[in-house]
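Chains, contacts and geometry: an overview
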Amino acid sequence: MEFAFTEREELLRKAVREFAEAEIPPKMEAMEETGEFPMDLLKPMAQVGITGIITPPEYGGVGMGYLARTIVLEELGRVCAAFPMALQVHHMACAALNDFGTDEQKKKYLPALATGETLGVVAVTDPSGGSDLIGMKTVAELKGDKYILNGRKCFITNSHLADFWIVIAKTGEGAKGLSAFIVDKDTPGAKLGRKENKFGLRGANTGELVFDNCEISKENLIGQEGQGLTVALKTISETGRTGMAATALGILQAIYEEAGKFANERVLYGKPISTLQAIQFLVAEIYTQLDICRLLNYRASWMKDKDMRCDTETGMAKFYTCNAAVEAAKKAIEIHGSYGIMKEYAIQRLFRDAMVTVPAGGTAEVAKAGIGRAALAPFRK
Ligand SMILES: Cc1cc2nc3c(=O)[nH]c(=O)nc-3n(C[C@H](O)[C@H](O)[C@H](O)COP(=O)(O)OP(=O)(O)OC[C@H]3O[C@@H](n4cnc5c(N)ncnc54)[C@H](O)[C@@H]3O)c2cc1C
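One structure accompanies this document, and this report is about it. Model, not experiment: these values are computed from the prediction.

1. Examining the pairing of strand β2 (residues 139-143)
- Pairing geometry for β2 and strand β3 (residues 146-157), over 5 bridges, is antiparallel. For E141, the partnering residue across the bridge sits in β3 and is I148.
- What sits between β2 and β3 in their antiparallel hairpin is a turn of 2 residues, with G144 showing a positive phi close to 65°.

Okay, here's the thing in structure tokens:
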């Protein structure tokens, strides 16, 4: 078993860390206040390879794969998790098009995503319930050579920032009754709804998309009619879950760093509190969780790169890392005493950001339902 990164992956980590530490902090106060994502950093991120990390070179990307992507998202998340939140959904759009799009669709849409012309969007969740995909109410009805789309998508990342959206809608009944479409934002009947005002991941744009007799050309169907559930599940489980897990991993790394720094700087009884065994135990627990999560994350992305089935592993990485980040943030706040809840200290933002990763990309319960099925399969008679 080999636990080392390639030289190219190490260089990528260094480049993304340098980029994140130099470019993101000056933007963070405004992001927290306004909830706006700094789109002026999209092109610079493209230059580092961030936007096109999983897109093949023939479509304008760098094609380094999922382990490299996890490194990228983790490093961005260490500085500000709104970035990997936005970028991981962007990569979901890249993956959906690359896996299921026609050559024409790939040529038309993938280079714009890879080179940072626009951000990617994958709109699955309806107000009727994100976990119940088949129960969605957004409908696309075929009339002549157009689909007429009606309905509403909620909690959609990058909704107000993208030039086109990948939308899953109902075209029939049951598991084969969903289809995936590319919707250009300027299509008549396609509208932006409200922008959400979240308590965490503030700088990542989340909002509603509204479709009111929106006419979509048949050429904008991704894959076959009725393949929408496959498009959604593959994209969510492979790209979405690894992306959310890596976002939470970055937060967890930042929590560890904040806890360690504070414990060393805060002096009580004439000594840093890091000399108290109770504090050392809290840091040890955070550090151990960080290591477990790192291994879960890297293994899941490595499996994806090797084309192995990895839905159980991505589910474990996602739910475990997001929950671990929340628990670690609580411990780090304890270490900070009352400073931990003051706005001047980063740890309160890390707690808020960690909380938002929990439902985003699918809840822990839904992930555990899949893991439970896989874990119990050997015992089924
Ligand atoms: C920051 C953020 C960004 C997001 N970005 C996107 C995006 O880009 N695109 C997109 O399509 N969606 C996005 N979402 C939506 C997200 O995927 C959904 O919120 C999530 O899937 C849960 O759906 P819901 O909120 O409707 O909760 P519900 O589905 O209503 O779930 C409510 C509760 O029921 C539980 N539950 C549901 N099913 C089961 C089950 N089978 N067993 C046990 N318990 C169950 C859930 O775990 C939860 O506790 C985003 C959400 C957030 C917070």
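2. Observations regarding the site of the ligand
- Of all residues adjacent to the ligand, which total 21 residues, the nearest are T125, G130, S131, T363 and E365.
- In the model, a nitrogen atom of the ligand is placed 2.8 Å from a nitrogen or oxygen of the V122 main chain.
- The contact in question runs from a nitrogen atom of the ligand to an N or O atom on the backbone of F155, over 2.9 Å.
- Surface burial for the ligand is 64%, taken as the share of its 970 Å² of free accessible area covered by protein chains.
- A molecule is said to occupy a pocket when more than half its atoms come within 2 Å of that pocket's grid points, and by this definition the ligand occupies the largest pocket.
- Every element with two or more residues in the shell around the ligand is listed here: α5 (82-100), β1 (122-123), β3 and α11 (364-376).
- Its residues assigned to classes, the shell around the ligand shows 11 nonpolar, 8 polar and 2 charged.

What counts and what doesn't
- Residues numbered from 1 in each chain as written.
- Predicted model: local features only at pLDDT ≥ 70, side-chain atom pairs only at ≥ 80, totals over all residues.
- Heavy atoms only, no water.
- Pairing = 2+ DSSP bridges.
- Helix = DSSP H or I, 4+ residues; strand = E, 2+ residues; numbered from the N terminus.
- Near = heavy atom within 4 Å.
- Polar contact = N/O pair within 3.5 Å; in protein donor to acceptor, adjacent residues only side chain to side chain.
- Areas by Shrake-Rupley, 256 points an atom, 1.4 Å probe, with all protein chains shown as cover.
- 1 Å grid on protein atoms, 1.4 Å probe; cavity = no way out; pocket = protein on both sides within 12 Å on 5 of 7 lines; lining within 4 Å.
- Sits in = over half its atoms within 2 Å of the grid points.
- Nonpolar A, V, L, I, M, F, W, Y, C, P; charged D, E, K, R; others polar.

Keep in mind that these numbers describe shape and distance, not what the molecule does.
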